[in-house]
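Fold and geometry: a report
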4 protein chains.
Amino acid sequence: MALTGVLRPGHVQLRVLDLEAAVRHYGDVLGLWEVARDPQGRVYFKAWDEHDHHSIVLREADTAGMDFMGFRVDSVATLKKLAEDVKASGLATDMKWVEAGEMLRTGERFRFTVPTGHLIELFADKDKVGNGMPLENPEVYPDSLKGMSPTRFDHCLLYGDDVDGTVKLFMDVLGFRLAEQVVAGPDRLQIAAFLTCSNKPHDIAFIRHPEKNKFHHASFMLDNWGEVLKAADIITRKRVSLDIGPTRHGITRGETIYFFDPSGNRNEVFSGGYIHYPDRPTLTWTDDELGRAIFYHDRKLNENFLSVLT
Amino acid sequence: MALTGVLRPGHVQLRVLDLEAAVRHYGDVLGLWEVARDPQGRVYFKAWDEHDHHSIVLREADTAGMDFMGFRVDSVATLKKLAEDVKASGLATDMKWVEAGEMLRTGERFRFTVPTGHLIELFADKDKVGNGMPLENPEVYPDSLKGMSPTRFDHCLLYGDDVDGTVKLFMDVLGFRLAEQVVAGPDRLQIAAFLTCSNKPHDIAFIRHPEKNKFHHASFMLDNWGEVLKAADIITRKRVSLDIGPTRHGITRGETIYFFDPSGNRNEVFSGGYIHYPDRPTLTWTDDELGRAIFYHDRKLNENFLSVLT
Amino acid sequence: MALTGVLRPGHVQLRVLDLEAAVRHYGDVLGLWEVARDPQGRVYFKAWDEHDHHSIVLREADTAGMDFMGFRVDSVATLKKLAEDVKASGLATDMKWVEAGEMLRTGERFRFTVPTGHLIELFADKDKVGNGMPLENPEVYPDSLKGMSPTRFDHCLLYGDDVDGTVKLFMDVLGFRLAEQVVAGPDRLQIAAFLTCSNKPHDIAFIRHPEKNKFHHASFMLDNWGEVLKAADIITRKRVSLDIGPTRHGITRGETIYFFDPSGNRNEVFSGGYIHYPDRPTLTWTDDELGRAIFYHDRKLNENFLSVLT
Amino acid sequence: MALTGVLRPGHVQLRVLDLEAAVRHYGDVLGLWEVARDPQGRVYFKAWDEHDHHSIVLREADTAGMDFMGFRVDSVATLKKLAEDVKASGLATDMKWVEAGEMLRTGERFRFTVPTGHLIELFADKDKVGNGMPLENPEVYPDSLKGMSPTRFDHCLLYGDDVDGTVKLFMDVLGFRLAEQVVAGPDRLQIAAFLTCSNKPHDIAFIRHPEKNKFHHASFMLDNWGEVLKAADIITRKRVSLDIGPTRHGITRGETIYFFDPSGNRNEVFSGGYIHYPDRPTLTWTDDELGRAIFYHDRKLNENFLSVLT
Ligand SMILES: [Ca+2]
Ligand SMILES: [Ca+2]
Ligand SMILES: [Ca+2]
Ligand SMILES: [Ca+2]
Ligand SMILES: [Fe+3]
Ligand SMILES: [Fe+3]
Ligand SMILES: [Fe+3]
Ligand SMILES: [Fe+3]
């Protein structure tokens, strides 16, 4: 098989301070589809072109941030195998199985804490609910799209301390590739790592930071740069807090805009980026070029980039 | 590992009637980079964002068409394994190893004829020559792009008789997935199959046709719909023979234009299309919707689509 | 003053065979705003970024086609002056004043028949109703746009016999400029004329044709080529009859798509085109390049272009 | 006639500190065409789709800034008439005729100082040199475009003290319309005025500022938002000093990017914006919405906007 093992970011659970304000944001501004609420009060969303039941789960809490991020693997056998591999690696802590159904329409998940402090899950089953179009003779998009209407949940960028350990776990155990990295100083310490398990330039990324388990952004895929402009217009039309953009990343080449949900969790919508293959050479940026690496046009970080986290 | 086995279309060798006219077409109109000529007189090209040495090889001959299409696999071990699997499948004929170096900068290739009559190769080694930018602190594209300047060679569409056998070989032996298909009549005979080994909607496709080993088009990836317009303008500016477009395919959703090289080999440049995963349901089109499937806006085939082949 | 005299195409009245089918087409597919119905049963529409009360009027009738096209002039004084000039020119027939209010929210109109047989009107007053946004601190577009949502009614292309007379009237009497023309044969007979009273490449155009008073299309302005693709997708999504496109015109350089309303009246939505000034040289196309002039990419007319008229 | 009087911004003469650095900037980065150098050492450029001989003139000097901006009028008669009107208005000072040929290929110019201290010229004659394509059977753009390759010089934004006087002169004497304005405080003092003599949303604009005769930017027109991204990429590729963007203006709705030439003169390239007519209502922004008016997405001014002038 050509795509095997860990297939994709399957879901992220975010903590929000005011659930209904968050529902309006993810539902009306981003235009995700609300698909369910569970007995715990969590609200489930999907981007329209995902076939899985959901990719975003919102939980009301006293602090914003990410509870966990889950990756879909290709089969139950792979799930069992990777759970064993994670255990054997000695790189993860707090490993446990979360039972099927604890998350709606989702099979059992293997959850563990990676060295940067983030909770990561693997799962093999989630119900397919389609993309709003028939599987026979479909149109090219469904009716009634609203808001930014990204096609997919794409990746997260996370901040934490032991990036070495987390990168090792993702690469050596979970089979990710290092598409790009940022190195600092004469010793070329890896301060950022962009990891892919697919043809996308990244499926998850990490930035070295003194504190564990911090969340920088969850990102959603748009079709093109014109849609990034439309998203920017919506951000102002809906008086959403803009972080930065429209602009381009040097890393991944993606065309992007960052903004905040009402609880302060950063979102990104983006388009573009190259096709990655496992034999594509890793691109390396040095910290003196960090500004251009992150924001290709501005060539400097905005003040929020390193400091505003949830 | 997350991407394994067959990774991508690695090269296609095309027969052209007048080599220098073809070199001008692929070099100046498409804007591929000529990278080498070999002692046989073949001319090698690459698209700029490919890291491998070449993806297009032109050979002067008395008839136009495709000599063979080669797929890169992830390792020599996989190459050996897949060669055994192909042999064991009973689906291929005329199997042989082509020695390393027969194609410049390329390792040994395992070549076989698939049931539709096409020559397909697998290979594990081709020299990396980069994309014209450094691996450290690159720009987002190299200087001196010209013509359409697609980023990659993307896929071929081939016509032949025993589509069942070829699809079986690609799916069961080489690990491809059926992203989309067209079925005809009350028995829903599969008359077209779009196969992927990646997150792209297709890496190769086949259409059922009475004659073996026919070539419909080789396709190259553009960044966006604005680049498709630029390509269309170049087609007229350079008085290239246009087939159809700009338009959109229903199948894959890609934004596309078809045109012909001076020898009559059809080319495509396209952008867009969804992200495919192995668990994405296959989309099926029925033959009464074939027009919309192929040309989403026109909703009917042009006269060339089924008849002009090389 | 810098813009004086005839300012713009202000309205076109179209005959449709089934009023409610037409209302759905212009309202839901094009996404014009229905603003009024009058006691005669006519339905009035405006494009969202026009400030005038309406620009499209539909009248149910037994044959499709254009009743008349009206141009807004800068003042009542200009209206009176131009009416006298038209009378004095000897180029128009059937001249009359249509009383204020015969068309809703519109002042008196001076109507006349031009040598190609079309009814043309001039008027100086139509109520301003805005573009759905406040005049103080607006957004960049209003909420609730749907369908193709062009910003403006832009121009008509009309077919008729005495193009010489009509062009003379528009240029010498009404102050239009000849932006582009097509000439045929050794005598360079003018077979098409593209006339502008603004910075737009055309506000009205004529093609020489044996029959008087024929209608080719009414055109609406989109923001960009991405919107042309969106329009094309809507055409298929709503199963509207497509004529041709997306493509580009050589004449005006506009990016365009032609389609038909349910009565067979051709519509166009387009974007782009250059900025015209009165001292810009007229561009001339010869009939051997007519295909490229009209459809820059195809470089030949489709079979409908010269024959399907209403 | 439909376009009369003052037709368009015809040229701007900029002072630069290092002529050859400036020539590289305007020639290679912006991609203007160098058309001439005069005995004074001034360098003349045109944007490709202008038919006039030149629109940008660079003069080496010890300080950066704008020497003067010239507007093309429709005829010598209009030039004489407007010169009389300017004299009669009592609003201008330092009026004089500059002889034909002082600026290459340009007729006599009537120059005067407006109340904000800027030198403005009117002229009726400049040689037509075309846009690099034949007037018969042209293509849609010429070969060999490079850099940002805007189609036209579009407008300037100028800062000065007596905005009231300057606006009065442009509106009452020269026939410009007030497309948009910004007003401040309870007395709604006009602090910014966007003036048009065409269908463009602005041909010149002024911002109230304590100092006379300051220059904010000269702006050039691009085809679309994709070209704005291309311009942004070039800005980084060529290590040009970026001010802000890509973003959108609330005022005019234009899609824009600001950057600096090597002498610190601000340039803009932009696309989009609505079609203006003389009867379109003026849009007014209040100073509490100034941020959104200028930078629609950021909704605040960057620190440079009010302070970095030449
Ligand atoms: Ca920006
Ligand atoms: Ca030859
Ligand atoms: Ca009826
Ligand atoms: Ca087309
Ligand atoms: Fe991101
Ligand atoms: Fe294709
Ligand atoms: Fe038209
Ligand atoms: Fe500006």
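Residues numbered from 1 in each chain as written. Chains lettered and ligands numbered in written order. Predicted model: local features only at pLDDT ≥ 70, side-chain atom pairs only at ≥ 80, totals over all residues. Heavy atoms only, no water.

1. Points about the pattern of salt bridges
- If you walk through the whole model with that rule in mind, you get 148 salt bridges over all chains.
- Two residues, Lys200 of chain A and Asp203 of chain A, come together in a salt bridge whose shortest N-O distance is 2.8 Å.
- A salt bridge links Glu227 of chain B to Lys230 of chain B; the shortest N-O distance between them is 3.4 Å. Pair noted here: Glu227 of chain B and Lys230 of chain B are both in helix α4 (residues 225-237), with a separation of 3 residues, about one helical turn. (Salt bridge = Lys/Arg side-chain N within 4 Å of Asp/Glu carboxyl O. Helix = DSSP H or I, 4+ residues; strand = E, 2+ residues; numbered from the N terminus.)

2. A short note on the UniProt feature "domain: VOC" (unreviewed entry) in chain A
All names here are of chain A.
- Mapped onto the present numbering, the UniProt feature "domain: VOC" (unreviewed entry) falls on residues 8-125 and 152-272.
- Helix makes up 21% of residues 8-125 and strand 41%, whereas the separation of the span's terminal C-alpha atoms amounts to 13 Å.
- Taken end to end, residues 152-272 is 20% helix and 48% strand, and its first and last C-alpha atoms sit 13 Å apart. (UniProt positions renumbered as here; feature names shortened; annotations may be inferred.)

3. Quick word on the sheet that holds strand β8 (residues 119-123) of chain B
Residues and elements named next belong to chain B.
- Here 8 strands make up an open sheet; going across it, the order is β2-β3-β4-β1-β5-β8-β7-β6 and the pairing mixed. The open sheet terminates on both sides in strands that have one partner only, identified here as β2 (33-37) and β6 (93-98). This sheet shows a mean twist of 25 degrees between the axes of neighbouring strands, independent of strand direction.
- Relative to strand β4 (residues 56-60), strand β3 (residues 43-46) runs antiparallel, the two sharing 3 bridges. Paired with Phe45 across the two strands is Ile56, which belongs to β4. (Pairing = 2+ DSSP bridges. Axes fitted to C-alpha atoms, helices over the stretch in contact; angles between N-to-C directions.)

4. With respect to the interface of chain D and chain C
- Contacts between the two partners involve 51 residues from chain D and, on the opposite side, 51 residues from chain C.
- Summing both partners gives a buried area of about 4500 Å² for chain D against chain C, and 53% of it is carried by carbon and sulfur.
- Between Arg72 of chain C and Asp279 of chain D there is a salt bridge; the shortest N-O distance is 3.4 Å.
- Every element with two or more residues in the side of chain D that touches chain C is listed here: β1 (6-16) and β17 (283-286) of chain D.
- In terms of residues, the side of chain D that touches chain C owes the most to one element, β17 of chain D, which gives 4 residues.
- Its residues assigned to classes, the side of chain D that touches chain C comprises 21 nonpolar, 13 polar and 17 charged. (Contact = heavy atoms within 4.5 Å. Buried area = accessible area lost by both parts, 1.4 Å probe. Nonpolar A, V, L, I, M, F, W, Y, C, P; charged D, E, K, R; others polar.)

5. Things to note about the coordination of the iron ion (ligand 6)
All names here are of chain B.
- For the iron ion (ligand 6), the full set of protein donor atoms is His155 (NE2), His217 (NE2) and Glu268 (OE), at a range of 2.1 to 2.2 Å.
- Taken in chain order, the donor set of the iron ion (ligand 6) reads H-x61-H-x50-E. Placement of His155 in strand β9 (residues 152-160) and of Glu268 in strand β16 (residues 266-271) is noted, with a sequence separation of 113 residues between them. Residue His155 shares its accessibility class with Glu268, and that shared class is buried. (Donors = N, O, S within 2.8 Å, 3.2 Å for Na, K, Ca; no water. Buried < 20%, exposed > 50% of the residue type's maximum accessible area, 1.4 Å probe, protein only.)

6. A word on the packing of aromatic side chains
- This model, assessed by the stated rule, comprises 50 aromatic pairs over all chains.
- On the basis of an interplanar angle of 35 degrees and a centroid distance of 5.6 Å, the ring pair of Phe110 of chain A and Phe112 of chain A is categorised as tilted.
- Aromatic side chains Tyr258 of chain D and Phe295 of chain D sit 6.0 Å apart centroid to centroid with 75 degrees between the ring planes, which places their arrangement in the edge-to-face category. One end of the pair, Tyr258 of chain D, is in strand β15 (residues 255-260); the other, Phe295 of chain D, is in the loop between α5 (290-294) and α6 (304-307), and 37 residues separate them in sequence. As far as burial versus exposure is concerned, Tyr258 of chain D and Phe295 of chain D are alike and both buried.
- Pairwise contacts between aromatic rings join Phe71, Phe170, Phe176 and Phe206 of chain A into one cluster.
- Lying over the aromatic face of Trp97 of chain A, Lys80 of chain A brings its terminal NZ or CZ to 4.4 Å of the ring centre. (Phe/Tyr/Trp six-rings, centres within 6.5 Å; stacked < 30°, edge-to-face > 60°. Lys NZ or Arg CZ within 6 Å of the ring centre and 35° of its normal.)

7. A look at the packing of helix α4 (residues 225-237) of chain A against helix α4 (residues 225-237) of chain D
- At their nearest, the axes of α4 of chain A and α4 of chain D sit 9 Å apart, and the two run at 100 degrees to each other. Of the possible angle classes, the one that applies to α4 of chain A and α4 of chain D is roughly perpendicular. Along its contact with α4 of chain A, which presents Trp225, Gly226 and Leu229 of chain A, the element α4 of chain D presents Trp225, Gly226 and Leu229 of chain D.
- In terms of residue class, the contact of α4 of chain A with α4 of chain D is built from 4 nonpolar, 2 polar and no charged. (Parallel < 35°, antiparallel > 145°, perpendicular 65-115°, else oblique.)

8. Some points on the relation of the copies chain A and chain C
- Of the transformation placing chain A onto chain C, the axial shift is 0.0 Å and the rotation is 180 degrees, giving an RMSD of 0.0 Å. Accordingly, the operation relating the two chain copies is best matched by a two-fold axis. In terms of C-alpha distance to the rotation axis, chain A has Gly226 of chain A as its closest residue, with the C-alpha 3.6 Å off the axis.
- Interface overlap between copies: 100% of the residues of chain A at the interface are likewise at the interface in chain C, consistent with a symmetric, same-surface contact. (Least-squares fit on C-alpha atoms with pLDDT ≥ 70 in both.)

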